Amino acid sequence: MHAQLLDHPDELQRAYAVATPAARLRAIKQRLASVHAEMASTRLVTMVAAVEALARSLVVHSFGRPSSTAEMRHRQFRESSPRALVEEVLRLRGAASPASHFEGDTWETFDNAVRYRDLIVHECTYVGQDRLDVLISAADEVLRGLIELAGLDAGPRTVG
């Protein structure tokens, strides 16, 4: 059992590396569908992770990159920040800068959402509800912007 536990993360990582952005989005939507009943801080962590996961997949599987090198590219971008990944997606697709691409103060608020996510995860802290709704909304807008830019099916809102 211990060997299986040690090998499983690597197996998951390989599966995520080779999965297409559409497949990653389906998994992301399944995860987001179950997040409504969770605490707002958990929803924020999940929303930022959703943006990060989709952006990484879009970078790894960008135009002109053979699928046979997806695992290697995934490793290359595994430690990249959500901000850097979204910036790279926009660059690869010839879009405007994030501040121009996303409406209003969405990009700046998303950047703060990432900072709060990191505090929640790495400092085992709690963030007041008064801040979380706007941060979750910004992450949702960035996720929807990536979905639209990539031409993936947006479907219903990801977070209520």
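Asker: Tell me what's going on with the environment of Arg-78, and back it up with residues and numbers.
Answerer: Its location among the elements puts Arg-78 in the loop between α4 (70-77) and α5 (82-92). With 61 residues separating them in the primary sequence, Arg-78 and Ala-139 have C-alpha atoms 19 Å apart. Beyond its immediate sequence surroundings of up to four residues, Arg-78 is in contact with Gln-13 and Arg-56.

Asker: Run through the packing of aromatic side chains, naming residues and quoting values.
Answerer: In the structure shown here, the tally under the stated rule is two aromatic pairs. Ring centres 5.8 Å apart and planes at 10 degrees place the aromatic pair Phe-102 and Trp-107 in the stacked group. Like Phe-102, the residue Trp-107 is buried in the burial classification. By way of ring pairs, the aromatic residues Phe-102, Trp-107 and Phe-110 are connected into one cluster.

Asker: I'd love a proper account of the nonpolar core, names of residues and values included.
Answerer: Core analysis: the biggest nonpolar cluster contains 38 residues, and Leu-44, Leu-54, Val-86, Phe-110, Leu-143 and Leu-146 have the highest contact counts within it. With eleven residues, the top contributor of residues to this core is helix α3 (residues 40-60). What Val-86 contacts, discounting residues up to four positions off in sequence, is Val-51, Ala-55, Phe-102, Trp-107, Val-142 and Leu-146.

Asker: Explain α5 to me, and be specific about the residues and the numbers.
Answerer: Those residues of α5 lying buried are Pro-82, Leu-85, Val-86, Glu-88, Val-89 and Leu-90. The inward-facing, buried residues of α5 abut α3, α4, α6 (98-101), α7 (106-123) and α8 (129-150). The positive-phi residue at the C-terminal boundary of α5 is Gly-94, with phi of around 70 degrees.

Asker: Could you give an account of unusual backbone geometry, naming the residues involved and the relevant values?
Answerer: Of note, the phi angle at Cys-124 is positive, near 50 degrees, even though the residue is not glycine. Inspection of the secondary structure puts Cys-124 in the loop between α7 and α8.

What counts and what doesn't
- Residues numbered from 1 in each chain as written.
- Predicted model: local features only at pLDDT ≥ 70, side-chain atom pairs only at ≥ 80, totals over all residues.
- Heavy atoms only, no water.
- Helix = DSSP H or I, 4+ residues; strand = E, 2+ residues; numbered from the N terminus.
- Contact = heavy atoms within 4.5 Å.
- Phe/Tyr/Trp six-rings, centres within 6.5 Å; stacked < 30°, edge-to-face > 60°.
- Buried < 20%, exposed > 50% of the residue type's maximum accessible area, 1.4 Å probe, protein only.
- Core = buried A, V, L, I, M, F, W, Y, C linked by side-chain atoms within 4.5 Å.

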